[in-house]
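# Secondary and tertiary structure notes
So the chains spell out like this:
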Amino acid sequence: MDLLLQKPEVRAALEQAATRKTRPAPLANHHRLTLGTTLLLLVGLAIFHFSLQTPPLAVLGKYLPLAHRLTLGAIAIMLVLFLARLVDAFYLSRLDSAVTQYNLRRVLNLVVGTLLTIIVLSLVFANWYTAVVSLGVLSIVLGFALQTPITSFIGWIYLLVKAPYRVGDRVMIGDFQGDVIDVGYLDTTLWEFGGILSTDHPSGRIIKFPNSMVLETAVHNYSWPLFPYIWNEIKFQVAYQSDLGFIREVMQTACEEELGPDMRERVENYRSLLAQTPVDELDVREHPSVAFRVAENTWVEAIVRYLVPPRAAGRVKTRLITTMLERLKAEPERVMFPKGDMR
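Residues numbered from 1 in each chain as written. Predicted model: local features only at pLDDT ≥ 70, side-chain atom pairs only at ≥ 80, totals over all residues. Heavy atoms only, no water.

### Section: helix 8 (residues 244–259)
So the rule is basically this: Helix numbering and strand numbering both begin at the N terminus, where a helix is a DSSP run of H or I of at least 4 residues and a strand a DSSP run of E of at least 2. The span expected for a helix works out to 1.5 Å for each residue beyond the first. Per-residue accessibility, obtained with a 1.4 Å probe over protein chains only, is compared with the maximum for each type, and a residue is labelled buried under 20%, exposed over 50%, and partly exposed between these values. In protein, a polar contact requires one atom able to donate a hydrogen and another able to accept it; more generally it is a pair of N or O atoms within 3.5 Å, and residues adjacent in sequence count only if both atoms are side-chain atoms.
In a regular helix each residue adds 1.5 Å, so 16 residues correspond to 22 Å; helix 8 covers 23 Å between its end C-alpha atoms and thus fits that length. Within helix 8, burial applies to Phe246, Ile247, Val250, Met251, Ala254, Cys255 and Leu259. The N-capping residue of helix 8, defined by a side-chain oxygen 3.2 Å from the backbone nitrogen of Gly245, is Asp243. With its phi angle positive at about 60°, Gly260 sits one or two positions after the end of helix 8.

### Some words on the side chain of Ser212
Short version of the rule: Here a residue-residue contact requires only that any non-hydrogen atoms of the pair lie within 4.5 Å.
Take Ser212: it is sitting in the loop between strand 4 (202–210) and strand 5 (219–221). Looking at Ser212, the relative accessible area reads 10%, which means it is buried. If we skip the residues at most four places from it in the chain, Ser212 touches Thr151 and Ser152.

### Quick look at the sheet that holds strand 2 (residues 176–183)
Stated precisely, the cut-off is as follows: Two strands are said to pair when DSSP picks up at least two bridges between them. Fitted lines through C-alpha atoms serve as axes, helices being fitted only where they are in contact, and the angles separating the N-to-C directions of these axes extend from 0 to 180 degrees.
Strands sit in the order 4-3-2-1-5 across an open sheet of five strands; the sheet is antiparallel. The open sheet has two free edges, formed respectively by strand 4 and strand 5, since each of these has just one partner strand. Across the sheet, the mean angle separating the axes of adjacent strands is 40° when strand polarity is ignored. Two strands pair when backbone bridges link them, and strand 1 (residues 170–173) and strand 2 are joined in this way by four bridges, in the antiparallel orientation. Looking at strand 2, one finds that Arg170 is bridged to Asp179.

### Some remarks on helix 7 (residues 147–162)
Taking 1.5 Å of rise per residue, the 16 residues of helix 7 would be expected to cover 22 Å, and the 22 Å separating its terminal C-alpha atoms lies within 8% of that figure. Two residues or fewer past helix 7, Ala163 is found with a positive phi of approximately 50°.

### A look at the packing of helix 8 against helix 10 (residues 313–329)
Selection rule: In this scheme, roughly parallel covers angles under 35 degrees and roughly antiparallel covers those over 145, while 65 to 115 is roughly perpendicular and the rest are oblique. Two helices crossing with the near one rotated counterclockwise from the far one by less than a right angle form a left-handed crossing, whereas a clockwise rotation gives a right-handed crossing. Amino acids are sorted into nonpolar (Ala, Val, Leu, Ile, Met, Phe, Trp, Tyr, Cys and Pro), charged (Asp, Glu, Lys and Arg) and polar (every other residue, Gly among them).
Where helix 8 meets helix 10, the closest approach of the two axes is 10 Å, and the angle between their N-to-C directions is 140°. Considered as vectors, helix 8 and helix 10 are oriented oblique to each other. Seen along the crossing, helix 8 lies across helix 10 with a hand that is right-handed. Two secondary-structure elements touch here, helix 8 through Phe246, Ile247, Val250, Met251, Thr253, Ala254, Cys255, Glu257, Glu258 and Leu259 and helix 10 through Val316, Arg319, Leu320, Thr323, Met324, Arg327 and Leu328. Taken together, the residues of the contact of helix 8 with helix 10 break down into 11 nonpolar, two polar and four charged.

### Some words on the pattern of salt bridges
Opposite charge on two side chains allows them to pair when their charged atoms are near. What counts is decided by this rule: Each reported salt bridge corresponds to a side-chain nitrogen of Lys or Arg within 4 Å of a carboxyl oxygen of Asp or Glu.
Overall, the coordinates contain eight salt bridges when judged by the stated rule. The residue Glu258 makes a salt bridge to Arg319 at a minimum N-O spacing of 2.7 Å. Of the two residues, Glu258 sits in helix 8 while Arg319 sits in helix 10, which places them 61 residues apart along the sequence. Residue class for Glu258 comes out partly exposed when judged on its relative accessible area of 29%. A salt bridge links Arg293 to Glu301, with the nearest nitrogen and oxygen atoms 2.8 Å apart. Arg293 gets classed as partly exposed once you look at its relative accessible area, which sits at 41%. Here Glu301 falls in the buried class, since its relative accessible area comes to 13%. What emerges from the salt-bridge pattern is a single network uniting Arg170, Asp179 and Arg311.

All quantities given are derived from atomic positions and should not be read as evidence of function.
In C-alpha cells form, the structure reads like this:
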C-alpha cells in the first residue's frame, strides 16, 4: 500500500493540487554543458554591448545604433534561453513523474517560443509598441483563418489543466481506441489497439485526432491512477438441465487460480485509497463473481466477471476460456453445451 501511495500519479489523483517532490540529485552533465555554454555567450554579448561605447568601435558610425539594437536583441534571446534551461535543469528534470515533465516542457517551449517571437519582431520594427501592435494584428487575422487549430490549441490547454488523459494512458474517444503516445499542441497521437482486430492487441496503426475533440466528445480512460483496471467477463451458453452449481464453481475457481491474490490486493488498495477521499466506498467484490441469465433462446448464460489490467485483458481471457472449456467439457453429463443449429 505504501508503495502505491508513493506513485506520483496516485498522489495527484488523491490530491487535486498535489505538491511535486524533487530529488536532491546533482546536475546532469548535459545540463552543466548547456548552462555553461549559454552563460558564457550571454556574458560575451554583454561585454561586446558595453564595448560599443568605447572609441575603437566608434568607427561603425551610422551603423552603431543598429549594432546596439541587434546586440540587445541577442542578449535578450540568450537570457530567455538561459532562464529556460535553468528551469529545466533545476526543476523539470527533478520531477518524479515523467508525464509531468513532458507536459511542463511543452508549456516551457511554448512560452520560450512566444518570447523569442516578440524579441525578433522588436528587432525588425523600430520599437516594442510597433512590434506588439503588429503581433496583435497578425493574431486577429490568423484567428479568423485558423479557427480549428486555435480550438485544438485550447483543447491542449484543457488537457494540461484537467488531464482527462496523459501520455501512456489507454483511452477511447469517439471511434478511436489506443494508447496515448504523444500529446502535441494541436493533436494527439494514439497507438491503436483493437481496431481492425477482434482482440485488444495493438493493430500497428497510428491514429491522430485534433485536441478539439476533448471539448466535444466523451473520453473513456482505462488508466485511472487510483484504479487502473477494468471489469471483464466471459459467458457460456448451457442447457437448463446443466449443474449450475458445478459450472459456478469451475468458472470461479479458474479465475481465482489465474488471478491469484492480485485481484484481492487491487480491491484492497482501491478501498484504502478511497478511505482518504470524501468519496463513499463502493461495493467492489474481492473475488470473481458468477451470474446466470436466461438467454433469448432456450439456453442459460453463465457469466463470470473478474478484474484485470486493460493491457492484459486479451491474454487473460484467452487463458481462462481455454481452462474453463477443458474442465467443463470433462463433465458432459453435468455440463450440456448447445449443439448444431441450436447454438
